[in-house]
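# Structural description and commentary
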Amino acid sequence: MRCQPHNGHQVYIWLENVQTCLLCDEQTDSLSPICIACESELPWLIDQCEHCALPMPMSGLTCAQCLRRTPAFGDVIVPWLYDFPIDTLVTRFKHQGKWPIGRLLAELLGQTLQHRFDEGLQRPDVLIPVPLGNKRMRQRGYNQAAMLARWLGSVLQLPVDEKTIRRVKETPAQQGLDAKARKRNLRDAFALIEPHRISGTHVALIDDVLTTGSTADMIARLLISAGARKVDVYCLARTPKPED
Ligand SMILES: [Zn+2]
Ligand SMILES: [Zn+2]
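### Describing the coordination of the zinc ion (ligand 2)
Within the protein, the zinc ion (ligand 2) binds to Cys49 (SG), Cys52 (SG), Cys63 (SG) and Cys66 (SG); these donor distances fall in the range 2.2 to 2.3 Å. Coordination at the zinc ion (ligand 2) comes from 4 donor atoms whose angles at the metal span 102 to 115 degrees, giving a geometry best classed as tetrahedral. Classification of Cys52 by relative accessible area gives buried; the value is 5%.

As C-alpha cells, this is what we get:
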C-alpha cells in the first residue's frame, strides 16, 4: 500500500501543464507568459524625449513642447510605443475587459521597472492611478489604470493609493483634441482628497497610455502643490506626435 497515493498523479498533471505564449499560442520554455520571440518583437520605445518620453529620432533630446514648458512630472518610464501589437492589446484590455492581457502587460512593465530600480532609479513611496470620472466608471465598470496600479503594486511590493485623487469634473473624451483643447478640458477636472497624505512623498502616477502628457502634467502639478517631493509617471505605451 502506498503512503502517498496521489503524488505521482499530481506530478503527471503538472508536467502536462505546458505554458503557452499569450500572443502566439506557441509553447514557451520560460515562466514568462509570452515567448522570447514575441517579447523581442514588441515595439520597444528606445529613443525618446528625456522629459516626456515622446518618441524622438535619437536619445538625449528634448521635444519642442518640453522646451517651451518643462512638465511637472519627473521620470517617465514607458516600455513601448503605442503601435502594433501593443495598441491592440491595450484596447482589448481597456475596452473589452480582457484582464489576463492587462495583467501580462502590467507584469512586463513591472519587470522593466524592477530593472530600472536595480540600475538606480529611485523607488517611489506610493503608486497612484489616474482616476476615471464617475460616469465613465459606471459605463466601463472598472478603471484600467487602477487595475494596472494594483498589479504593479503586487509585483513591485509598493502601496497603491486610489483615494487621494478624484476626478471631480466629467471631461469629454480626450481623443481627437489638440494639446491646447486638452488643457482647457482638464482644468479643474481633478481634486485632492486629504492632500496632507501626499506631503513629502515620492509618487508614481499610473496610466495605460501617455498621449500628450497633459493629464499627467496637470495631476503632477496638483500633487506637487500639495507637497509631493517628486511625481514620476509609469505607463504601458507612448503615442507619437499626432502628425507623425
Ligand atoms: Zn509568442
Ligand atoms: Zn518632451
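### Concerning the nonpolar core
One finds Ile86, Leu105, Leu113, Tyr234 and Leu236 to be the most contacted residues of the largest nonpolar core, which totals 35 residues. The leading source of residues in this core is helix α5 (residues 99–118), at 8 residues. Ile86 has contacts with Leu42, Pro43, Trp80, Leu81, Leu105 and Ala237, leaving out every residue within four places of it along the chain. In this structure, Met56, Cys63, Ile128 and Phe190 belong to the second largest nonpolar core, which totals 32 residues.

### Things to note about the coordination of the zinc ion (ligand 1)
Each protein donor to the zinc ion (ligand 1) is listed here as Cys21 (SG), Cys24 (SG), Cys35 (SG) and Cys38 (SG); together their distances run 2.3 Å. For the zinc ion (ligand 1), the 4 donor atoms in the first shell make angles of 103 to 116 degrees at the metal, so the coordination geometry reads as tetrahedral. Each donor residue of the zinc ion (ligand 1) lies on one chain, and together they are spaced C-x2-C-x10-C-x2-C. Given the relative accessible area of 2%, Cys21 is considered buried.

Basis of the calculations
- Residues numbered from 1 in each chain as written.
- Chains lettered and ligands numbered in written order.
- Predicted model: local features only at pLDDT ≥ 70, side-chain atom pairs only at ≥ 80, totals over all residues.
- Heavy atoms only, no water.
- Donors = N, O, S within 2.8 Å, 3.2 Å for Na, K, Ca; no water.
- Tetrahedral: all angles 85-135°; square planar, octahedral: opposite > 155°, others 65-115°.
- Buried < 20%, exposed > 50% of the residue type's maximum accessible area, 1.4 Å probe, protein only.
- Core = buried A, V, L, I, M, F, W, Y, C linked by side-chain atoms within 4.5 Å.
- Helix = DSSP H or I, 4+ residues; strand = E, 2+ residues; numbered from the N terminus.
- Contact = heavy atoms within 4.5 Å.

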